[in-house]
Amino acid sequence: VQLVESGGGLVQPGGSLRLSCAASGFTFSRYIMGWYRQAPGKEREFVARIIGSGAITVYADSVKGRFTISRDNAKNTVYLQMNSLKPEDTAVYYCNAVPDGMNYWGKGTLVTVSS
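Residues numbered from 1 in each chain as written. Predicted model: local features only at pLDDT ≥ 70, side-chain atom pairs only at ≥ 80, totals over all residues. Heavy atoms only, no water.

Describing the packing of aromatic side chains
When we look at a pair of aromatic rings, we describe it by the centre distance and by the angle of the planes.
Stage number 1. What the rule picks out here adds up to 5 aromatic pairs.
Stage number 2. Ring geometry for phenylalanine 26 versus phenylalanine 28: centroids 6.3 Å apart, planes at 50°, classification tilted. We note that phenylalanine 26, like phenylalanine 28, is buried.
Stage number 3. Centre to centre, the rings of tyrosine 94 and tryptophan 105 are 6.5 Å apart; their planes meet at 90°, and the pair counts as edge-to-face. (Phe/Tyr/Trp six-rings, centres within 6.5 Å; stacked < 30°, edge-to-face > 60°. Buried < 20%, exposed > 50% of the residue type's maximum accessible area, 1.4 Å probe, protein only.)

Considering the state of the cysteines
Stage number 1. Applying the stated criterion across every chain yields a total of 1 disulfide.
Stage number 2. Between the sulfur of cysteine 21 and that of cysteine 95 lies a disulfide, 2.1 Å long from S to S. A torsion of -85° about the S-S bond marks the disulfide between cysteine 21 and cysteine 95 as left-handed. Residue cysteine 21 is found in strand 3 (residues 17-24), and its partner cysteine 95 is found in strand 9 (residues 91-97); the two are separated by 74 residues along the sequence.
Stage number 3. For cysteine 95, a relative accessible area of 0% gives the class buried. (Disulfide = S-S within 2.5 Å. Helix = DSSP H or I, 4+ residues; strand = E, 2+ residues; numbered from the N terminus.)

Some remarks on the layout of surface pockets
Stage number 1. Of the volumes computed, that of the largest pocket is approximately 150 Å³.
Stage number 2. Residue classes in the lining of the largest pocket are distributed as 3 nonpolar, 3 polar and 5 charged. (1 Å grid on protein atoms, 1.4 Å probe; cavity = no way out; pocket = protein on both sides within 12 Å on 5 of 7 lines; lining within 4 Å. Points joined across faces, edges and corners; volume = space filled by probe spheres on them. Nonpolar A, V, L, I, M, F, W, Y, C, P; charged D, E, K, R; others polar.)

A look at the pairing of strand 4 (residues 33-38)
Stage number 1. For strand 4, the tally of buried residues reaches 5 of 6 residues, placing the bulk of the element in the interior.
Stage number 2. Summarising the sheet, strand 4 and strand 5 (residues 45-50) pair through 5 bridges and their orientation is antiparallel. Paired with methionine 33 across the strands is isoleucine 50, a residue of strand 5.
Stage number 3. Hairpin remark: strand 4 followed by strand 5, antiparallel, with 6 residues in the connecting loop; positive phi at glycine 41, about 75°.
Stage number 4. Relative to strand 9, strand 4 runs antiparallel, the two being bridged by 6 bridges. Looking across to strand 9, one finds that glycine 34 is bridged to asparagine 96. (Pairing = 2+ DSSP bridges.)

And the structure:
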(Lines give C-alpha, C1' and ligand atoms only; values in the text may rest on other atoms or scores of the structure.)
Protein backbone atom coordinates (compact mmCIF):
# COMPACT_ATOMS: atom_id res chain seq x y z
CA VAL A 1 0.00 0.00 0.00
CA GLN A 2 1.27 3.44 -0.89
CA LEU A 3 -0.28 6.83 -0.18
CA VAL A 4 1.36 9.92 -1.66
CA GLU A 5 0.11 13.39 -0.72
CA SER A 6 0.72 16.53 -2.73
CA GLY A 7 -0.54 20.09 -3.04
CA GLY A 8 0.68 21.66 0.16
CA GLY A 9 2.37 25.03 0.33
CA LEU A 10 2.29 28.54 1.70
CA VAL A 11 -0.98 30.44 1.46
CA GLN A 12 -2.29 33.67 2.94
CA PRO A 13 -5.18 33.68 5.41
CA GLY A 14 -8.45 33.44 3.52
CA GLY A 15 -6.82 31.61 0.64
CA SER A 16 -7.41 28.15 -0.78
CA LEU A 17 -5.45 24.99 -1.49
CA ARG A 18 -6.35 21.58 -2.85
CA LEU A 19 -4.53 18.56 -1.52
CA SER A 20 -4.36 15.27 -3.38
CA CYS A 21 -3.55 11.77 -2.21
CA ALA A 22 -2.70 9.13 -4.80
CA ALA A 23 -3.29 5.61 -3.52
CA SER A 24 -2.02 2.27 -4.77
CA GLY A 25 -1.71 -1.32 -3.64
CA PHE A 26 -5.31 -1.97 -2.65
CA THR A 27 -8.81 -1.82 -4.13
CA PHE A 28 -9.28 1.90 -3.59
CA SER A 29 -13.00 2.15 -4.26
CA ARG A 30 -13.86 -0.32 -1.48
CA TYR A 31 -12.43 1.66 1.42
CA ILE A 32 -12.97 4.76 3.48
CA MET A 33 -10.27 7.36 2.95
CA GLY A 34 -9.38 10.04 5.45
CA TRP A 35 -7.38 13.20 5.97
CA TYR A 36 -5.67 14.01 9.26
CA ARG A 37 -3.34 16.83 10.27
CA GLN A 38 -0.66 17.48 12.84
CA ALA A 39 0.26 21.00 13.87
CA PRO A 40 3.64 21.76 15.46
CA GLY A 41 3.69 20.57 19.06
CA LYS A 42 0.26 18.98 18.83
CA GLU A 43 -1.11 15.49 18.32
CA ARG A 44 -2.42 14.30 14.99
CA GLU A 45 -6.12 15.07 14.60
CA PHE A 46 -8.95 13.97 12.33
CA VAL A 47 -9.96 16.34 9.53
CA ALA A 48 -12.34 14.50 7.18
CA ARG A 49 -13.26 11.09 5.78
CA ILE A 50 -15.22 9.77 2.84
CA ILE A 51 -16.74 6.35 2.16
CA GLY A 52 -15.84 4.26 -0.86
CA SER A 53 -18.71 5.44 -3.06
CA GLY A 54 -18.16 9.07 -2.06
CA ALA A 55 -21.78 9.40 -0.95
CA ILE A 56 -21.05 10.07 2.72
CA THR A 57 -18.52 12.46 4.19
CA VAL A 58 -17.67 13.42 7.76
CA TYR A 59 -15.79 16.50 8.94
CA ALA A 60 -14.19 17.80 12.08
CA ASP A 61 -16.11 20.74 13.50
CA SER A 62 -13.08 22.97 13.03
CA VAL A 63 -13.17 22.60 9.22
CA LYS A 64 -16.88 22.07 8.53
CA GLY A 65 -18.13 24.47 5.89
CA ARG A 66 -14.61 25.37 4.75
CA PHE A 67 -13.09 22.05 3.65
CA THR A 68 -14.49 19.52 1.19
CA ILE A 69 -13.28 15.95 0.81
CA SER A 70 -13.89 14.14 -2.48
CA ARG A 71 -12.54 11.17 -4.38
CA ASP A 72 -12.05 9.95 -7.93
CA ASN A 73 -12.14 6.16 -7.87
CA ALA A 74 -11.05 5.97 -11.52
CA LYS A 75 -7.83 7.75 -10.55
CA ASN A 76 -7.41 6.15 -7.09
CA THR A 77 -7.15 9.64 -5.66
CA VAL A 78 -8.74 11.45 -2.75
CA TYR A 79 -8.79 15.24 -2.52
CA LEU A 80 -9.16 17.86 0.18
CA GLN A 81 -10.31 21.27 -1.02
CA MET A 82 -9.49 23.82 1.65
CA ASN A 83 -11.07 27.27 1.49
CA SER A 84 -11.06 30.24 3.85
CA LEU A 85 -7.83 29.01 5.36
CA LYS A 86 -6.82 30.24 8.79
CA PRO A 87 -3.40 30.36 10.49
CA GLU A 88 -4.61 27.60 12.82
CA ASP A 89 -4.95 25.31 9.79
CA THR A 90 -1.15 25.27 9.54
CA ALA A 91 -0.08 21.63 9.83
CA VAL A 92 1.28 18.62 8.04
CA TYR A 93 -1.69 16.95 6.35
CA TYR A 94 -1.74 13.16 6.10
CA CYS A 95 -3.78 10.79 3.99
CA ASN A 96 -5.10 7.67 5.72
CA ALA A 97 -6.48 4.33 4.58
CA VAL A 98 -7.41 1.22 6.53
CA PRO A 99 -7.76 -1.59 3.99
CA ASP A 100 -8.47 -4.97 5.59
CA GLY A 101 -7.88 -3.62 9.10
CA MET A 102 -4.33 -2.39 8.45
CA ASN A 103 -3.72 1.31 9.09
CA TYR A 104 -1.66 3.14 6.44
CA TRP A 105 -0.40 6.70 6.30
CA GLY A 106 1.26 8.84 3.67
CA LYS A 107 4.34 10.91 4.47
CA GLY A 108 2.32 14.10 4.61
CA THR A 109 2.28 17.48 2.91
CA LEU A 110 2.92 20.75 4.74
CA VAL A 111 0.33 23.51 4.66
CA THR A 112 1.38 26.87 6.04
CA VAL A 113 -1.17 29.66 6.38
CA SER A 114 0.56 32.94 7.01
CA SER A 115 0.66 36.50 5.78
